[in-house]
Amino acid sequence: MAPERAVGGAASDPKRDARFRVLFDREFDYVWVTLQRLGVSDRDLEDVAQDVFVVVHHHLAEYDPRRPIRPWLFGFAFGCASNWRNLASHRVEVLDARSETRATALGADEMLARAQDVDLVLRALETVEIEKRAVFILNEFDECPMKEIAESLGIPVQTGYSRLHAAREEFSAAVRRLRAQRGET
């Protein structure tokens, strides 16, 4: 009897598949939010997240468990988001209101305020160049040290710091501009 075949034609490994399932269950929300922050449209999030995990499954044997998982996953999410952005059919997008991915027990006013804050952050992130945005997200949201960021993105540490500085300035300017458009100070 022939062994089962996994994605890409490789023989299935029950231990690897079990590790992958745990990883998928634990980190799916992180990948989803990361893809949102990288500008993937809501309508394509599910497909791009699936693409990320197909690539992760293929490369799972290469992961060093002594290292943090999220910067490693971010590298795949960044690559898949970049591929998505390069598709001609995605070059023109209509900005739509963003919503939180999970319902909460907040009051209507709090939910509206939180949704507006999430929308503001996502719209401001969209104005930051993708290479700078990647460093910014890993540092500011995921709290990764610059050495890990540089390794996961394949850039020199000083380049990472330069991109982070520029991203912070661009993000702050975008937040100020968007708040002014909303009539906030």
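For the structure itself, consult the block above.
Just so you know, these numbers come straight off a predicted model, no measurement behind them.

A. Inspection of the packing of helix H5 (residues 130–141) against helix H6 (residues 146–153) at higher detail. Here H5 crosses H6 at 140°, and the two axes come no closer than 10 Å. With respect to H6, the axis of H5 lies oblique. The two elements H5 and H6 meet at a crossing, and its hand is right-handed. For the pair H5 and H6, contact is made by Ala 134, Val 135, Leu 138 and Asn 139 and by Met 146, Ile 149, Ser 152 and Leu 153, respectively. Here the contact of H5 with H6 is composed, by residue class, of 6 nonpolar, 2 polar and no charged.

B. Just the environment of Val 56, in detail. Position of Val 56 among the secondary structure elements: in helix H2 (residues 45–59). Note on Val 56: relative accessible area 0%, which makes it buried. Residues Val 56 and Phe 20, 36 residues apart in the sequence, show an inter-C-alpha distance of 8.4 Å. Sequence-distant contacts of Val 56, that is, excluding residues within four places in its chain, are made with Phe 20, Leu 23, Trp 72, Leu 73 and Phe 76.

C. Broad picture of the pattern of salt bridges. Per the stated rule, a full pass over the model turns up 13 salt bridges. The closest approach of N and O atoms between Arg 66 and Asp 64, which form a salt bridge, is 3.0 Å. Residue classification places Arg 66 among the exposed residues on the basis of a relative accessible area of 76%. One salt bridge in this structure joins Arg 182 and Glu 184, with 2.8 Å as the shortest N-O distance. By relative accessible area, which is 33% here, Arg 182 ends up partly exposed. Each of Arg 26, Glu 27 and Arg 70 takes part in one network of salt bridges that share partners.

Thresholds applied
Residues numbered from 1 in each chain as written. Predicted model: local features only at pLDDT ≥ 70, side-chain atom pairs only at ≥ 80, totals over all residues. Heavy atoms only, no water. Axes fitted to C-alpha atoms, helices over the stretch in contact; angles between N-to-C directions. Helix = DSSP H or I, 4+ residues; strand = E, 2+ residues; numbered from the N terminus. Parallel < 35°, antiparallel > 145°, perpendicular 65-115°, else oblique. Left-handed = near helix turned anticlockwise from the far one by under 90°. Contact = heavy atoms within 4.5 Å. Nonpolar A, V, L, I, M, F, W, Y, C, P; charged D, E, K, R; others polar. Buried < 20%, exposed > 50% of the residue type's maximum accessible area, 1.4 Å probe, protein only. Salt bridge = Lys/Arg side-chain N within 4 Å of Asp/Glu carboxyl O.

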